[in-house]
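# A closer look at the structure
Chain by chain, the residues:
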Amino acid sequence: MYFAAAPGVDREFEFISKDQKQTAELAAEFAAFLQPGDVVALQGDLGSGKTVTARAIARALGYEGNVTSPTFTLLNIYPAEKMPVYHFDFYRIATSHEAVDIGTLDYFEGEGVCLVEWPERVADILPAGSYFFSLDIPDYHTDPDKRTIVISRSS
Ligand SMILES: Nc1ncnc2c1ncn2[C@@H]1O[C@H](COP(=O)(O)OP(=O)(O)O)[C@@H](O)[C@H]1O
Ligand SMILES: [Mg+2]
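Now for a quick tour of the structure.

## Brief notes about unusual backbone geometry
In this model, leucine 74 sits at a positive phi of 70 degrees, which is unusual for a non-glycine residue. Mapped onto the secondary structure, leucine 74 falls in the loop between helix H2 (50–60) and strand E3 (75–78).

The structure is reproduced here in structure tokens:
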């Protein structure tokens, strides 16, 4: 176990991941706290591990199928056992209007959990109380598998 209390509810949580497996394990533990209607902003550069995290969360919620970035479709829906998972990737949009046009606000208030890659693109419509799962590559050249991960929750 990497953390025992609900992340971000009482404190911000920081973690150093040494490889993809550790990131996935952390994400799976985090997933156990998720409730219907929760929004998780997956923040980080290209290749930082947003999709790795989304996949681990979907798996932990009981979805066994493919999880890939919906770069062109903007949204993948996974019928996970515990609750539906709405996986967004807003890399290609210019403004949050395009996200609103595909019904994103309804998903944000829906009965599933929303995982949002490139949340910066939709910062103005992210609900209060969204979780932030932020991944950084601190030593790109000397330790390319290392990630600094911060889990927090907006007020
Ligand atoms: N500690 C780590 N955590 C997550 N991914 C890692 C880590 N170390 C290496 N990787 C690699 O980084 C890549 C992350 O890819 P991906 O999750 O698709 O990134 P993103 O969705 O942020 O663009 C994968 O190839 C993964 O194997
Ligand atoms: Mg991705």
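From this point, things continue past the structure.
## Focus on the environment of asparagine 66
By the element assignment, asparagine 66 lies in the loop between H2 and E3. C-alpha of asparagine 66 to C-alpha of arginine 55: the two residues are 11 residues apart in sequence and 8.2 Å apart in space.

## Thoughts on the nonpolar core
In globular proteins that are soluble, nonpolar side chains generally tend to be buried together. Core analysis: the biggest nonpolar cluster contains 27 residues, and Leu34, Val40 and Phe133 have the highest contact counts within it. At the level of elements, strand E1 (13–17), helix H1 (20–31), strand E2 (39–43), H2, strand E5 (113–117), strand E6 (131–136) and strand E7 (147–153) are the ones that each hand at least two residues to this core. Setting aside anything within four residues of it in sequence, one finds valine 40 in contact with Phe30, Leu34, Val113, Cys114, Leu115, Val116, Tyr131 and Phe133. In terms of nonpolar packing, the next biggest core, distinct from the first, is built from 17 residues, Val39, Phe90, Phe108 and Phe132 among them.

Criteria and cut-off values
- Residues numbered from 1 in each chain as written.
- Chains lettered and ligands numbered in written order.
- Predicted model: local features only at pLDDT ≥ 70, side-chain atom pairs only at ≥ 80, totals over all residues.
- Heavy atoms only, no water.
- Helix = DSSP H or I, 4+ residues; strand = E, 2+ residues; numbered from the N terminus.
- Core = buried A, V, L, I, M, F, W, Y, C linked by side-chain atoms within 4.5 Å.
- Buried < 20%, exposed > 50% of the residue type's maximum accessible area, 1.4 Å probe, protein only.
- Contact = heavy atoms within 4.5 Å.

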